[in-house]
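Residue-level structure breakdown
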Amino acid sequence: MKKMLPALLCLLQSISILAINTDTLTQEKYSVHFQATIVNQSKYGFTVPYSGINSLSEKYENQTSLTSTLFLGAKTWKNGAIFLNPEIAGGSGLSSALGIADATNGETFRVGDPAPKIYLARLYFRQLFALNNSTSYSGTDINQLEGRSPDKYISITIGKVGAADFFDDNKYSHDPRTQFLCWGLMDNGAWDYPANTRGYTPTALIEYVSIKNELRYGFSLLPLLANGNDMNWNLSNSGSHNLEFTHHYIYKGNEGTIRILGFYNYTKMGDYTQAVSNYTDVPDIISTRNYGRNKFGFAINIEQEINKNLGFFMRASWNDGKNETWAFTEIDRSVSAGISLAGTKWKRKNDTFGLAAVVSGISAQHQLYLKNGGLGFILGDGQLNYAPESLLETYYSCELIRNEIYLSGTYQMLLNPGYNSDRKGPVNVLSLRLHVII
């Protein structure tokens, strides 16, 4: 017994140290993560009868984009945390991200200068208020501290965020750094979500979250100008309301989620009909801008697990399309669907194959404006023979280093870029993407 006592004490000490270390790991006070994504896209030439100022170029193009983000997080007190994300981005989309409503690279923005720029992407505070004693463990992740958090809570978030960080999520198609690249696949296209040129905006957000249901409302600033970088702080005349209900369910043993989103934007917008009725040479939406204008719309978003390796998603969205697009892209109606398959069957469980399509359209007022030679901040061929814009995308993401480095190849086929059947294509785009996450 005396011989066993030292060994027993040593074992108890080891268990105690392990427990302390485990507790430390599961109650993270600080987090540091990093991502870098490089996307190279090549577009092959296609034949067109005419082009405008905002047209997709008919020539061969090769463009590269780069984003790099530092994700810093710190716990302030119980269920409270602050997050800071400095970011650098550079490069260009095809034709400077002009001429396609469903732009082909979600890592690029409508910026005039492709030189890399450093900016503050996010800076926000988040506080959770537990509604019961049940908690769940969450691992460390970008803008997420490792530890236990309430299963049922109300949260308040205040600061500069990406609206798409909280709304219109979908585990199969939402992140152009790891999933589908197309703008119309990463979010609901007709959701003119509040953002500056690079996708971020000051926001106040309140959420109710439980195991099955979630309800969130956010009020965000809109830019002073369409697709602008400076935000409008005149809250009585400009802003964006977003409300989303989320329901999680089990269907035949497989997880599923449905999200219903509504939005209402109001600011100094231009009116398509007025721009057409007033013009003498070409209609000018900018000349019709007045406060009191608005845009509203709705979206549905479904994700459904078919089995543990295969999932399906679908989105559909609509906005009234009377006044000009202000922040995201020139889409007034959109439907998308696709599948995502993990590589488990060929012993590559962290590889992913994806296949999806999106079809988008615009309102009659928007069509008439473009047909008469008007320019949006993305579209404008000088003429328009209207047809819905459609894009097919498939990708394969290969894990090179476990949970850290991924290489993807993507093919996209685009028809009727800019809703113009006179320039129908097809336009073929090949992409190579390198993504690093630490």
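1. So, the overall build of the protein chain
- Along the backbone of the protein chain there are four helices and 18 strands.
- In terms of overall dimensions, the protein chain is globule-like: its C-alpha atoms have a radius of gyration of 24 Å, near the 22 Å expected for 438 residues.
- The dimensions of the protein chain, computed from C-alpha atoms along their principal axes, are 100 × 50 × 45 Å.
- Within the span of the protein chain, comprising 438 residues, buried residues form 51% of the whole.
- Put simply, 70% of the contacts in the protein chain that link residues at least 6 apart link residues at least 24 apart.
- The distance from the centre of the 38 positive side-chain charges to the centre of the 38 negative ones in the protein chain is 7 Å.

2. Here's the deal with the nonpolar core
- One finds Trp191, Tyr369 and Tyr419 to be the most contacted residues of the largest nonpolar core, which totals 39 residues.
- Each residue touching Tyr369, except ones within four places of it in the same chain, is listed here: Tyr272, Ala275, Val276, Pro283, Asp284, Ile285, Gly374, Leu375 and Gly376.
- Formed by 17 residues, the second largest nonpolar core is a distinct cluster that contains Leu56, Ile100, Phe180 and Phe313.

3. Examining the confidence of the model for the protein chain
- When pLDDT is averaged along the protein chain, the result is 92; 94% of the residues meet or exceed 70.
- Per-residue pLDDT stays below 50 along residues 1-25; that stretch engages in one contact with residues further than four places along the chain or on separate chains.

4. A look at the packing of aromatic side chains
- Under the criterion given, the structure shown has 18 aromatic pairs.
- Each ring, one from Phe298 and one from Trp318, has its centre 6.3 Å from the other, and the planes form 10°; the classification is stacked. Separated by 20 residues along the polypeptide, Phe298 in strand 12 (residues 290-305) and Trp318 in strand 13 (residues 310-319) bring together distant segments of the chain.
- Assessed through its relative accessible area of 52%, Phe298 is described here as exposed.
- Within the aromatic cluster, the residues linked to one another by ring pairs are Phe167, Trp183, Trp191, Tyr193 and Phe328.
- Between the NZ or CZ atom of Arg433 and the centre of the ring of Tyr395, over which it lies, the distance is 5.7 Å.

5. Here's the deal with the side chain of Gln127
- Topologically, Gln127 is positioned in strand 4 (residues 117-130).
- Residue Gln127 is classed as buried on the basis of its relative accessible area of 9%.
- Within polar-contact distance, the side chain of Gln127 engages the side chain of Trp77 at 2.5 Å.
- Beyond its immediate sequence surroundings of up to four residues, Gln127 is in contact with Trp77, Lys78, Asn79, Gly80, Ile154, Ser155 and Ile156.

Rules behind the numbers
- Residues numbered from 1 in each chain as written.
- Predicted model: local features only at pLDDT ≥ 70, side-chain atom pairs only at ≥ 80, totals over all residues.
- Heavy atoms only, no water.
- Helix = DSSP H or I, 4+ residues; strand = E, 2+ residues; numbered from the N terminus.
- Rg over C-alpha atoms; globule rule 2.2 N^0.38 Å.
- Buried < 20%, exposed > 50% of the residue type's maximum accessible area, 1.4 Å probe, protein only.
- Contact = heavy atoms within 4.5 Å.
- Lys, Arg positive; Asp, Glu negative; His and termini not counted.
- Charge placed at Lys NZ, Arg CZ, Asp CG, Glu CD.
- Core = buried A, V, L, I, M, F, W, Y, C linked by side-chain atoms within 4.5 Å.
- pLDDT = per-residue confidence, 0-100.
- Phe/Tyr/Trp six-rings, centres within 6.5 Å; stacked < 30°, edge-to-face > 60°.
- Lys NZ or Arg CZ within 6 Å of the ring centre and 35° of its normal.
- Polar contact = N/O pair within 3.5 Å; in protein donor to acceptor, adjacent residues only side chain to side chain.

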